[in-house]
Amino acid sequence: MMKVTRQTCLFFDASVLVAAAYSPQGGSALLLEACKAGGFRAQTTFVIFLEALHALRKSSLDSSQRFYQLLVEVNWELLAVPPRETLERYHQYIDPKDDHVLAAAVEGGAEFLLTLDRRHILAASLKVKQAGLPIIILRPGDFIRQYYPQHEEYPRLPPTRS
C-alpha cells in the first residue's frame, strides 16, 4: 500500500468542490478540511475553480459562502492548465472535455485525482491505470475508506463522519 503523508497530493475536480460547498458533512468537505489542517497537499487549477463557481451560481447563499471559504482557507497549489500539445496526449485516456483535469493532475505530480464525475473522469480510471500513469482516480468516499486511515498521522486528521 502507498505511504500516505502530509506530502501526499490530492488533486480536486470541480465536482468535489461543489459537493463540499453543498454538503459540509460529506466526504468531499472532510478531505478539504484535512488539507486545510495540513494533512495533505491540495491541488487544482483556476479553470476548475471557475467550473465549480459556474455550477454553484444558482445555489444558496450558504453553499456559495462555503465555496468562497474553501478558496481562502485551503492552502491551494493552483496549477496552470497544461498547453494544448500536452492536453492532446491525454485524449487517449479521457474525454477531451476533461483532458485538462487529468493532464494538470498528472503533470502537477498529484498522487490522487478526486472526482465525482462518473461519466468522464471515473470512467477513465481503468485506462489510466492500465497505461501506468502515476495517478489514482477515486471518488472522495473511496479515498476515505481506502487511504485516509493509512495516513501516518491519522489520529490528528479531522475524524471521519459516520
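Now for a look at the structure at hand. This structure is a prediction, so every number in the text was calculated from the model and none was measured.

### Considerations on the side chain of Thr5
So, point 1. Tracing the backbone through its elements, the reader meets Thr5 in the segment before strand E1 (9-12).
So, point 2. For Thr5, the side chain forms a polar contact with the main-chain nitrogen of Gln7, separated by 3.0 Å.
So, point 3. With near-sequence residues (within four places) excluded, Thr5 lies in contact with Gly39, Phe40, His151 and Glu152.

### A word on the packing of helix H1 (residues 14-22) against helix H3 (residues 46-55)
When two helices pack together, their arrangement is given by the angle between the helix axes and by the axis-to-axis distance.
So, point 1. The geometry of H1 relative to H3 is characterised by a closest axis approach of 8 Å and an angle of 45 degrees between their N-to-C directions. Here H1 lies oblique to H3, going by the angle between them. Once H1 is placed against H3, the crossing between them reads as right-handed. Counting all contacts with H1, which are made through Ala14, Leu17, Val18 and Tyr22, the residues of H3 involved are Ile48, Phe49, Glu51, Ala52 and Ala55.
So, point 2. Residues that form the contact of H1 with H3 fall into these classes: 8 nonpolar, no polar and 1 charged.

### Here's the deal with the pattern of salt bridges
So, point 1. In the structure shown here, the tally under the stated rule is 9 salt bridges.
So, point 2. Here the residues in one salt-bridge network are Arg6, Glu153 and Arg156, joined through shared partners.

### Points about the sheet that holds strand E3 (residues 76-79)
So, point 1. The parallel open sheet is built from 5 strands, whose spatial order is E3-E2-E1-E4-E5. Strands at the two margins of the open sheet, each flanked by one partner only, are E3 and strand E5 (136-138). Geometrically, the sheet is characterised by an average inter-axis angle of 30 degrees between neighbouring strands, direction not taken into account.
So, point 2. Sheet topology note: the strand E2 (residues 41-45)/E3 ladder contains 4 bridges and is parallel.

Rules and cut-offs
- Residues numbered from 1 in each chain as written.
- Predicted model: local features only at pLDDT ≥ 70, side-chain atom pairs only at ≥ 80, totals over all residues.
- Heavy atoms only, no water.
- Helix = DSSP H or I, 4+ residues; strand = E, 2+ residues; numbered from the N terminus.
- Polar contact = N/O pair within 3.5 Å; in protein donor to acceptor, adjacent residues only side chain to side chain.
- Contact = heavy atoms within 4.5 Å.
- Axes fitted to C-alpha atoms, helices over the stretch in contact; angles between N-to-C directions.
- Parallel < 35°, antiparallel > 145°, perpendicular 65-115°, else oblique.
- Left-handed = near helix turned anticlockwise from the far one by under 90°.
- Nonpolar A, V, L, I, M, F, W, Y, C, P; charged D, E, K, R; others polar.
- Salt bridge = Lys/Arg side-chain N within 4 Å of Asp/Glu carboxyl O.
- Pairing = 2+ DSSP bridges.

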